[in-house]
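# A closer look at the structure
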Amino acid sequence: MNEEKDMADARVILAGYRASIDNIDAALIHMLAERFRCTKAVGVLKAEHGLPPADPAREQQQIARLRQLAKDANLDPDFAEKFLNFVVREVIRHHEQIAASNGAAKAG
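Note that the structure is predicted; figures quoted are calculated from it, not measured.

## Details of the overall build of the protein
- Scanning the protein from terminus to terminus reveals three helices and zero strands.
- For the protein, the sequential pattern of α-helices and β-strands runs α-α-α.
- Computed over C-alpha atoms, the radius of gyration of the protein comes to 21 Å, more than 25% over the 13 Å expected from 2.2 N^0.38 for 108 residues, which places it beyond the range of a compact globule.
- Across its three principal axes, the protein shows a C-alpha extent of roughly 75 × 30 × 15 Å.
- When the accessible surface of the protein is totalled, it reaches about 8,400 Å², and 62% of it is carbon and sulfur.
- Taken together, the 15 basic and 16 acidic charged side chains of the protein have centroids lying 7 Å from each other.

This is the structure we're talking about:
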């Protein structure tokens, strides 16, 4: 009987953790959407002024900054860097698309 109560208690605790994880996942999605809204505006600005889609110096600064933030938050800095690299690749892809559209709009 005690084992059943322990299992039931564990399920309640697990449900609480999962609810928190679900809330965090939702917040992450909303934060990423806001980030991409801002980077889209950057892409448009770059395209309008003929600036390149990628900025390697900025990317290196961001990697260093996020690695430090990760260390301060007790998160694996390598993971943080991999995550940022994934996001930056997607941003650059969007910027390339915006630049190509801007060139097509200017030609048309």
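## Here's the deal with the side chain of His95
- When you line up the elements, His95 lands in helix 3 (residues 77–107).
- Separated by 3.4 Å, the side chain of His95 and the backbone nitrogen of Gly43 make a polar contact.
- Once residues lying within four places of it in the same chain are set aside, the contact partners of His95 are Thr39, Val42, Gly43, Lys46 and Pro53.

## Examining helix 1 (residues 2–48)
- Helix length check: helix 1, at 47 residues, gives a terminal C-alpha distance of 69 Å against a target of 69 Å (1.5 Å per residue), a fit within 8%.
- Taken residue by residue, helix 1 has Phe36, Thr39, Gly43, Lys46 and Ala47 as its buried positions.
- Of the residues flanking the end of helix 1, it is Gly50, one or two places downstream, whose phi is positive at about 70°.

## Description of the pattern of salt bridges
- Within the structure shown, the criterion is met by five salt bridges.
- For Arg67, the salt bridge identified is with Glu81, shortest N-O distance 2.7 Å. In this pair, Arg67 sits in helix 2 (residues 56–72) while Glu81 sits in helix 3, placing the two residues 14 residues apart along the sequence.
- By relative accessible area, Glu81 is classed as partly exposed at 24%.
- Across the pair Glu90 and Arg93 runs a salt bridge whose closest N-O atoms are separated by 2.4 Å. Of the two residues, Glu90 and Arg93 both sit in helix 3, three residues apart, roughly one turn of that helix.

## Here's the deal with the packing of aromatic side chains
- Applying the stated rule across the entire model yields one aromatic pair.
- Summarising the aromatic geometry, the rings of Phe79 and Phe83 are spaced 6.5 Å apart at their centres and angled 25° between planes, so their arrangement reads as stacked. Of the two residues, Phe79 and Phe83 are both situated in helix 3; the distance of four residues between them amounts to about one turn of the helix.

## Side note on helix 2
- Relative to the 24 Å expected for 17 residues at 1.5 Å per residue, helix 2 spans 24 Å between its end C-alpha atoms, a close match to the ideal helical length.
- Of the positions making up helix 2, those classed as buried are Gln62, Ile63 and Ala70. The buried side chains of helix 2 occupy one side of the element, clustering within an arc of 105° when seen end-on. Counted as exposed and oriented over 90 degrees from the buried face of helix 2: Ala57, Gln60, Gln61 and Asp72.
- Two residues or fewer after helix 2 comes Asn74, characterised by a positive phi angle close to 60°.

Quick notes on the rules
Residues numbered from 1 in each chain as written. Predicted model: local features only at pLDDT ≥ 70, side-chain atom pairs only at ≥ 80, totals over all residues. Heavy atoms only, no water. Helix = DSSP H or I, 4+ residues; strand = E, 2+ residues; numbered from the N terminus. Rg over C-alpha atoms; globule rule 2.2 N^0.38 Å. Areas by Shrake-Rupley, 256 points an atom, 1.4 Å probe, with all protein chains shown as cover. Lys, Arg positive; Asp, Glu negative; His and termini not counted. Charge placed at Lys NZ, Arg CZ, Asp CG, Glu CD. Polar contact = N/O pair within 3.5 Å; in protein donor to acceptor, adjacent residues only side chain to side chain. Contact = heavy atoms within 4.5 Å. Expected span 1.5 Å × (residues − 1). Buried < 20%, exposed > 50% of the residue type's maximum accessible area, 1.4 Å probe, protein only. Salt bridge = Lys/Arg side-chain N within 4 Å of Asp/Glu carboxyl O. Phe/Tyr/Trp six-rings, centres within 6.5 Å; stacked < 30°, edge-to-face > 60°. Arc of directions from axis to C-beta.

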